[in-house]
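# Close look at the chain arrangement
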Amino acid sequence: MKQIIYYLCAVLILVSCTPPVDNSASEAFEKNSKTVLANLQGWQNENLDYSMYADDFAMMETGFSSENDSVSLTEMIETDKKLWQTYDFKMLNEPVLLPGVNATTKAVDGSVRHYSQWEITLSATDSTEAKSGVIKMYESFDFNEEGKIRYQQVYADFTGIMMHLHGQE
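Before going into details, it helps to say that this report is about the structure given with it. Because the structure is a prediction, the values reported are computed rather than measured.

This model, assessed by the stated rule, comprises seven aromatic pairs. Between Y115 and Y138, the ring centres sit 5.1 Å apart and the planes meet at 45°, which makes this aromatic pair tilted. Of this pair, Y115 sits in strand β5 (residues 108-122) while Y138 sits in strand β6 (residues 131-143), and the two are 23 residues apart along the sequence. What links up through ring pairs into an aromatic cluster is the set W43, W84, Y87 and F89.

As structure tokens, then:
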């Protein structure tokens, strides 16, 4: 009987010394994933809610030979308006959402990455028919403590799709 009591005491001591599991990064990922899905839906519907962005937001400029390394929220809003006037955007699949990691520690940090496919259509004019093409996209979103998008990167072959849509194949 003494052995059982000693064994139970030892188990209780080991269990009580186990640190609690920190799920904060996973919980942040789940919350931030909802923001990313709302962002993608807003982009597709041409009514993006820019209040989901932080005041110090920056988007990495990934275009070929870009003069700037980033785009501000104000610049992004203006670019979005111009794009929506010329093109229609349709997401073709449910995006694959993945948790991002801290570049230094490699630990999950609440950021969200996604892979998706988009159909981009150049609207018809009086002299041209509408023309469409599909691109695959990878995009990442980093968030601040308030759950607002602080940093965004997007990678896709935008040059190729623009050449296709504008007949420069």
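It is worth spelling out helix α2 (residues 24-44) at this point. Counted at 1.5 Å a residue, the expected span for α2 with its 21 residues is 30 Å, and the 30 Å between its end C-alpha atoms agrees. All of the buried residues in α2 are F29, N32, S33, T35, V36, N39, L40, G42, W43 and Q44. Remark: E46 follows α2 within two positions and exhibits a positive phi of approximately 60°.

Cut-offs and rules
- Residues numbered from 1 in each chain as written.
- Predicted model: local features only at pLDDT ≥ 70, side-chain atom pairs only at ≥ 80, totals over all residues.
- Heavy atoms only, no water.
- Phe/Tyr/Trp six-rings, centres within 6.5 Å; stacked < 30°, edge-to-face > 60°.
- Helix = DSSP H or I, 4+ residues; strand = E, 2+ residues; numbered from the N terminus.
- Expected span 1.5 Å × (residues − 1).
- Buried < 20%, exposed > 50% of the residue type's maximum accessible area, 1.4 Å probe, protein only.

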